[in-house]
Amino acid sequence: MLGNGPRCPRALSRYGGVGRGRGARGGGPVPLPGPVSVPGRPAVSGRGRGGRSGTGGRPGAAGRGGTAGDKGENFAETDSGRDAGSRRDTGPPPEPPAQRTRPPPPGHRLPRQRDRGGRTPRPGHRGGRSPPVPSPGSPLSPLGPPRSAAGCGGAERVALRPRRMKLLPACCRLQTLGAALGVCVTIGFTVQLLGGPFQRRAPVAPAGRPPAPCQPRTHLVFLKTHKTGGSSVVNLLHRFGEARGLRFALPHRYQFGYPSPFRAERVKGYRPGGPPFDIICHHMRFNLTEVQKVMPNDSFYFSIVRDPGTLGESAFAYYRAVAPAFRRAPSLAAFLAAPGRFYEAGARGNHYARNLQWFDFGLPVAEDGAAVEAALAGLERAFALVLLAEHFDESLVLLREALCWPEEAVAAFAHNGRPLGTAPRVSPTQAARLRAWNNLDWALYAHLNRSFWRRAEAFGAARLREEVARLRQRRAALAHHCLQGGGPLPARAIPDGRLRPFQPPGRAQILGYALRAGLPPTERERCARLATPELQYKDILDRRQFGGGNASVPPGGVAGGGGGAQQRYAAQERHRALVYLGWAMGPLTPMGIRVPPWNHFVPRFTCRG
């Protein structure tokens, strides 16, 4: 609406009352070519098309919605409706009346309007126009009431439309948002990289200092399986434990009630709540629940397995006298041709003839593939590492790394071996038949073989080859330094009975070691421990741990001197042989020893006078 008094063209142009052509701005005086008549008001010069309501323009922008005569009244100018010269300057004018708006005709496209700064107005106000921003002289401004302004012909007050605070343009808002986002990202990366109190960091060893060494493991459970090279592993466990004063869980004789499942009561010196043991490594049929009663909770469980294609032949030669299925067969070839003809399930001693390793691990008989997989999964949970007899040196390297032992601790001689020429070579056809006959053992071996090589791959192939080479060099140097002949000898060629290995009552010949003459006492003691067979070493540990109740003599010492000592030790060897295998060969005597059939021992042990 226009006021009654004359208006300055500058003011009219500033507040949208008069425009010159399209988008004329009120930056200065604008010539008015002709009068414009408004009903009830004095004529105002100007023929520009005034902005009307709904054009989306801001105050100060010239609209193109038509003149007041053809497009409706011009509401760009705001005033109280009174003549500014007819009233006193007595304070701020009253609020302007509500403006009427007339919608544009259908299909009419409103042009984009710009303010004095050239910015596109923001929609959202009445009729699409931007909300007014209070000017410094408006009543809504925090600077106070409007100021007096000089008119065209004299001083007069002009009531200006209230205006809101100007918003930043879109480009500036995006720049501000981008700057804030960049600051946040920078702070986040700085916190992540530098850490400090914002995160807990693992302690880092000072530069140039090697990491802290691991601690050797001393709580060990070794399941010694039959005919897999376990006697060699037992020897290094004996030496390691004896050198460090560890406590062994020893059987009352030489086995833990085998073939019955292991029970804690079979450990010599065990009592519930008593002191725990450190190492258990002798023959047993594994029973995890009972073993856990004897050994600490942090014990390392490991074992060793062998391909049943070769283990079957070794078992046939070694247990020929104690397994009825083997004893009835004239040869291995005859047995493999029809094993069911000789084998009787459940017969005492026949566990040696089929699935011997499955039996030693204490696994239940599996009838289908699902039961086999379940049994193997439980075995993997119990045993942290299972060695392979075919890759014995690689197995010792992985064992040393798992136990954090020094390299010299796993240098050992092979025990319970046979002469190379006497062991018959198993043909591929026989090996396939042995694997088929021992199907559970084959499933066990195949599963653990894959687990072993996954561990070897993680260890590193090049590193494994290097350590295996060093282990073999160390073993060869020890054999050259300690042993007579630099290697194993037949039992009859070993003069010292304390180093002579046990000979089973069959056709197999077990090799042993004799010490080289002229060794200093300290070296002789160390070399004797490397060469001592399993049964004699068990007697040494038994005497050290429980006193002089055992009559065996340590290999490094002297047993009373002369041939009488050798005769007494020969008698002990015969007694040891009866105890070691007697349980499977005859009834119990009043002394608790099972006597084997006499036809197996009469040729060797003849009573005189």
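No experiment lies behind these values; they were computed from the predicted model shown. (Residues numbered from 1 in each chain as written. Predicted model: local features only at pLDDT ≥ 70, side-chain atom pairs only at ≥ 80, totals over all residues. Heavy atoms only, no water.)

Undergrad: I'm lost on the nonpolar core in this one. Help?
TA: Soluble globular proteins tend to bury their nonpolar side chains together. Counting residues in hydrophobic clusters, the biggest one holds 86 residues, and the most contacted among them are Leu237, Phe302, Trp358, Phe383 and Trp405. Formed by 25 residues, the second largest nonpolar core is a distinct cluster that contains Tyr254, Ala325, Leu434 and Phe502. (Core = buried A, V, L, I, M, F, W, Y, C linked by side-chain atoms within 4.5 Å. Buried < 20%, exposed > 50% of the residue type's maximum accessible area, 1.4 Å probe, protein only.)

Undergrad: Just to check I follow, could you spell out the packing of aromatic side chains for this structure?
TA: Aromatic ring pairs are defined here through the distance separating the ring centres and the angle between the ring planes. A full pass over the atoms with the stated rule returns 21 aromatic pairs. On the numbers, 5.3 Å between centres and 80° between planes, the contact of Phe256 with Phe262 is edge-to-face. When its relative accessible area of 0% is taken as the criterion, Phe256 is described as buried. Ring centres 6.0 Å apart and planes at 85° place the aromatic pair Tyr258 and Phe359 in the edge-to-face group. Pair noted here: Tyr258 is in the loop between helix H4 (230-243) and strand S6 (279-280) and Phe359 is in helix H10 (residues 356-360), with a separation of 101 residues, a long-range link. By relative accessible area, Tyr258 is classed as buried at 4%. Clustering of aromatic rings is evident, with ring pairs tying together Phe316, Phe326, Phe335, Phe342, Tyr343 and Trp437. In this structure, Arg247 packs its charged tip against the face of Phe277, placed 4.1 Å from the ring centre. Between Arg354 and the ring centre of Trp437, over which it is positioned, the NZ or CZ distance is 3.9 Å. (Phe/Tyr/Trp six-rings, centres within 6.5 Å; stacked < 30°, edge-to-face > 60°. Helix = DSSP H or I, 4+ residues; strand = E, 2+ residues; numbered from the N terminus. Lys NZ or Arg CZ within 6 Å of the ring centre and 35° of its normal.)

Undergrad: What exactly am I supposed to notice about helix H13 (residues 428-437) here?
TA: Residues spaced three or four apart along an α-helix face the same direction, because each turn holds 3.6 residues. Residues Ala431, Leu434 and Trp437 constitute the buried set of H13. Each buried residue of H13 lies within a common arc of 125° when the element is viewed along its axis, so the set occupies one face. Residues of H13 that are exposed and angled more than 90 degrees away from the buried face: Pro428 and Ala436. (Arc of directions from axis to C-beta.)

Undergrad: Is there a simple way to explain the environment of His480 in this structure?
TA: Mapped onto the elements of the fold, His480 is located in helix H15 (residues 461-482). Residues His480 and Arg516 lie 36 residues apart in sequence; the distance between their C-alpha atoms is 8.9 Å.

Undergrad: Can you walk me through the sheet that holds strand S5 (residues 220-223) in this structure?
TA: Pairing between the strands of a sheet comes from backbone hydrogen bonds, and it takes one of two forms, parallel or antiparallel. Strands sit in the order S6-S5-S7-S8 across an open sheet of four strands; the sheet is parallel. In this open sheet, the two edge strands, each paired with only one partner strand, are S6 and strand S8 (385-388). As paired strands, strand S7 (residues 300-305) and S8 are joined by four bridges and run parallel to one another. Bridge assignment links Ile304 to a residue of S8, and that residue is Leu387. Contacting S5, S7 and S8, helix H12 (residues 392-403) crosses the sheet at an angle of about 155° to S8. (Pairing = 2+ DSSP bridges. Contact = heavy atoms within 4.5 Å. Axes fitted to C-alpha atoms, helices over the stretch in contact; angles between N-to-C directions.)

Undergrad: Could you clarify how one ought to interpret the packing of H12 against helix H14 (residues 439-459) in this entry?
TA: Any two packed helices are characterised by how steeply their axes cross, that is the angle between the axes, and by the distance between the axes. It is at 11 Å that the axes of H12 and H14 come closest, and there the two elements cross at 65°. Put simply, H12 runs roughly perpendicular to H14. Crossing handedness for the pair H12 and H14: left-handed. For the pair H12 and H14, contact is made by Glu394, Ser395, Val397, Leu398, Glu401 and Ala402 and by Phe452, Arg455, Ala456 and Phe459, respectively. Residues of the contact of H12 with H14, tallied by class, amount to six nonpolar, one polar and three charged. (Parallel < 35°, antiparallel > 145°, perpendicular 65-115°, else oblique. Left-handed = near helix turned anticlockwise from the far one by under 90°. Nonpolar A, V, L, I, M, F, W, Y, C, P; charged D, E, K, R; others polar.)

Undergrad: It is not clear to me how the packing of helix H6 (residues 308-318) against H13 should be interpreted in this structure. Could you clarify?
TA: Packing of H6 against H13 leaves a shortest axis separation of 7 Å and a crossing angle of 90°. Regarding the angle of H6 to H13, the classification is roughly perpendicular. Residues Pro308, Gly309, Gly312 and Glu313 of H6 touch H13, and the partners they reach there are Ala431, Leu434 and Arg435. Residues belonging to the contact of H6 with H13 are distributed by class as follows: three nonpolar, two polar and two charged.

Undergrad: Just checking my understanding: could you explain unusual backbone geometry for this structure?
TA: A negative phi angle characterises most non-glycine residues, just as the trans form characterises most peptide bonds. The residue after Tyr258, namely Pro259, is reached through a cis peptide bond having omega 10°. Positionally, Pro259 belongs in the loop between H4 and S6. Unusually for a residue other than glycine, Lys227 sits at a positive phi of about 60°. For Lys227, the position within the fold is in the loop between S5 and H4. Positive phi values are uncommon outside glycine, yet Asn416 reaches one of about 60°. With respect to the secondary-structure elements, Asn416 resides in the loop between H12 and H13.

Undergrad: Even after reading the chapter, I still don't get the pairing of S7, so can you show me in this structure?
TA: Consecutive side chains along a regular strand alternate between the two faces of the sheet. A large share of S7 lies buried, amounting to six of its six residues. What you see with S7 is no split at all: Phe300, Phe302 and Ile304 on one side and Tyr301, Ser303 and Val305 on the other are buried throughout. Where S5 and S7 come together, four bridges link them in parallel fashion. If you follow Leu223 over to S7, its bridge partner there is Ser303.

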